[in-house]
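# Structure at a glance
Given next are the chains, with one letter for each unit.
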Amino acid sequence: MRPSKIIAYAWLGLCALFFAFPGVWMVVQSLKRPIDFNSSPPKVLFEPTLENYYSVLSNPGFLNAFRDSLVITGIGVGLGLLIGVPFAYVLARFDFKGKNDIAHFILSTRMLPAVVIIVPLAKTFQMFGLLDSYIGLGIAHVVLVLAVIVWVLRSFLQALPPDLEESGTMDGARPFRIMVELVLPIARPGIFTVAALAFLFSWNDLFFVLTLTSFNVQSLPVFLVTEYTGFLAVRWGEMSAAGVISIAPIAVIIVLLRKNIVRGLSMGAVK
């Protein structure tokens, strides 16, 4: 191997180690007893235990929060894809006045700090009775993920050759049928990519859930903050175990869709 390649692999290894360290540390902390993770300096060698996982999984509040996160994320990502996929197709394939202005307006919803839109959003939800509800949180998460879905999928669709769509138009197919039957099957890697990214943003959201809910709905990020952080101490073992379980759905999605995600990213989904 050439020295330049050795340096490149060494640098990639250091970067991977740097980004993996917090996750590895969380797993190690979840296997410690209180006497172990409160020791100074931290213990490297210790007798692992699963007591923290038993405590977390036997807590009804954690299971309810896990269910609420799945419901909220499912609604947000589902509605986001239902709106964002046709939106991205129109912006990528049709020419009309103000197209770029609309695209940049959608992007601006991602650039704005969440605190700017939370007050009008809360007032609107209060008017329609959507505060502290699954539907309300799902709609709020559409605002959170729509810009990512539209812009990433738009870039992906623009990289696809339009020959197949032109042949469909010559055969008399309408634009909606062309999109559903011709474009979406080809764009499946890009759709999987934006779905995974949207799931990641929605699953990790803390601000919207913290401000738009009170008692009926509680997602995992809010539960971890309120349940395991006390006035005098933090229950690090249980919090770490809950964190490991919380990232399990994201890890499963990445493992199952890794080929489609890599293909979608490499074909122009992210520029």
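Note that this is a predicted model, so its numbers are computed, not measured.

### Digging into the environment of Thr73
By the element assignment, Thr73 lies in helix 4 (residues 60–93). What makes Thr73 buried here is its relative accessible area of 1%. For the pair Thr73 and Pro161, spaced 88 residues apart in the sequence, the C-alpha separation amounts to 33 Å. Once residues within four sequence positions are removed from consideration, Thr73 is found in contact with Gly78, Phe199, Ser202 and Trp203. Engagement of the side chain of Thr73 in a polar contact is seen with the backbone oxygen of Ser69, the distance being 2.8 Å.

### Points about the packing of helix 7 (residues 134–158) against helix 10 (residues 188–203)
At their nearest, the axes of helix 7 and helix 10 sit 9 Å apart, and the two run at 155° to each other. For the element pair helix 7 / helix 10, the angle class is roughly antiparallel. For helix 7 against helix 10, the interelement crossing comes out right-handed. On helix 10, the residues that touch His141, Leu144, Val145, Val148, Ile149, Val152, Leu153 and Phe156 of helix 7 are Pro189, Gly190, Ile191, Val194, Leu197, Ala198, Phe201 and Ser202. Residue composition of the contact of helix 7 with helix 10, by class: 13 nonpolar, 3 polar and no charged.

### Here we look at the packing of aromatic side chains
This model, assessed by the stated rule, comprises 9 aromatic pairs. Judged by centre distance (5.7 Å) and plane angle (80°), the rings of Phe66 and Trp203 are edge-to-face. Of the two residues, Phe66 sits in helix 4 while Trp203 sits in helix 10, which places them 137 residues apart along the sequence. Residue class for Trp203 comes out buried when judged on its relative accessible area of 4%. Every member of this aromatic cluster is reached through a ring pair, and the members are Phe62, Phe66, Phe199, Trp203, Phe223 and Tyr228.

### A short note on the environment of Ala187
Locating Ala187 in the fold gives a position in the loop between helix 9 (175–186) and helix 10. Each residue touching Ala187, except ones within four places of it in the same chain, is listed here: Phe156, Leu157 and Leu160.

### Comments concerning the nonpolar core
Phe62, Leu153, Leu157, Phe208 and Leu212 are the most contacted members of the largest nonpolar core, which has 48 residues in total. In terms of residue count, helix 7 provides more of this core than any other element does, 10 residues in total. With sequence-adjacent residues up to four places away left out, Phe62 is seen in contact with Val56, Leu57, Leu220, Phe223, Leu224, Ala242, Ile245 and Ser246. In terms of nonpolar packing, the next biggest core, distinct from the first, is built from 7 residues, Leu91, Ala103, Leu146 and Val150 among them.

### Thoughts on helix 6 (residues 114–128)
Each full turn of the α-helix corresponds to 3.6 residues, which orients residues three or four apart in the same direction. Relative to the 21 Å expected for 15 residues at 1.5 Å per residue, helix 6 spans 20 Å between its end C-alpha atoms, a close match to the ideal helical length. Considering bend angle alone, the principal kink of helix 6 is centred on Pro120 and spans about 25°. Looking at the buried side of helix 6, the elements it contacts are helix 7 and helix 11 (207–212). Positive backbone phi, at 70°, marks Gly129, one or two positions downstream of helix 6.

### What about a nonpolar patch on the surface?
Together, Leu79, Leu82, Ile83, Ile135 and Ile139 make up a nonpolar patch on the protein surface, roughly 430 Å² of accessible area in all. At the level of secondary structure, the elements contributing two or more residues to the nonpolar patch comprise helix 4 and helix 7. When residues in the nonpolar patch are grouped by element, the largest group, 3 residues, is from helix 4. On the secondary structure map, Ile135 appears in helix 7. On the basis of relative accessibility, which here comes to 48%, the residue Ile135 falls in the partly exposed class.

Quick notes on the rules
Residues numbered from 1 in each chain as written. Predicted model: local features only at pLDDT ≥ 70, side-chain atom pairs only at ≥ 80, totals over all residues. Heavy atoms only, no water. Helix = DSSP H or I, 4+ residues; strand = E, 2+ residues; numbered from the N terminus. Buried < 20%, exposed > 50% of the residue type's maximum accessible area, 1.4 Å probe, protein only. Contact = heavy atoms within 4.5 Å. Polar contact = N/O pair within 3.5 Å; in protein donor to acceptor, adjacent residues only side chain to side chain. Axes fitted to C-alpha atoms, helices over the stretch in contact; angles between N-to-C directions. Parallel < 35°, antiparallel > 145°, perpendicular 65-115°, else oblique. Left-handed = near helix turned anticlockwise from the far one by under 90°. Nonpolar A, V, L, I, M, F, W, Y, C, P; charged D, E, K, R; others polar. Phe/Tyr/Trp six-rings, centres within 6.5 Å; stacked < 30°, edge-to-face > 60°. Core = buried A, V, L, I, M, F, W, Y, C linked by side-chain atoms within 4.5 Å. Expected span 1.5 Å × (residues − 1). Bend = angle between axes of the 7 residues up to and from the residue. Patch = residues over 30% accessible without salt bridge, like charges linked within 9 Å, V, L, I, M, F, W, Y side chains within 5 Å. Areas by Shrake-Rupley, 256 points an atom, 1.4 Å probe, with all protein chains shown as cover. Salt bridge = Lys/Arg side-chain N within 4 Å of Asp/Glu carboxyl O.

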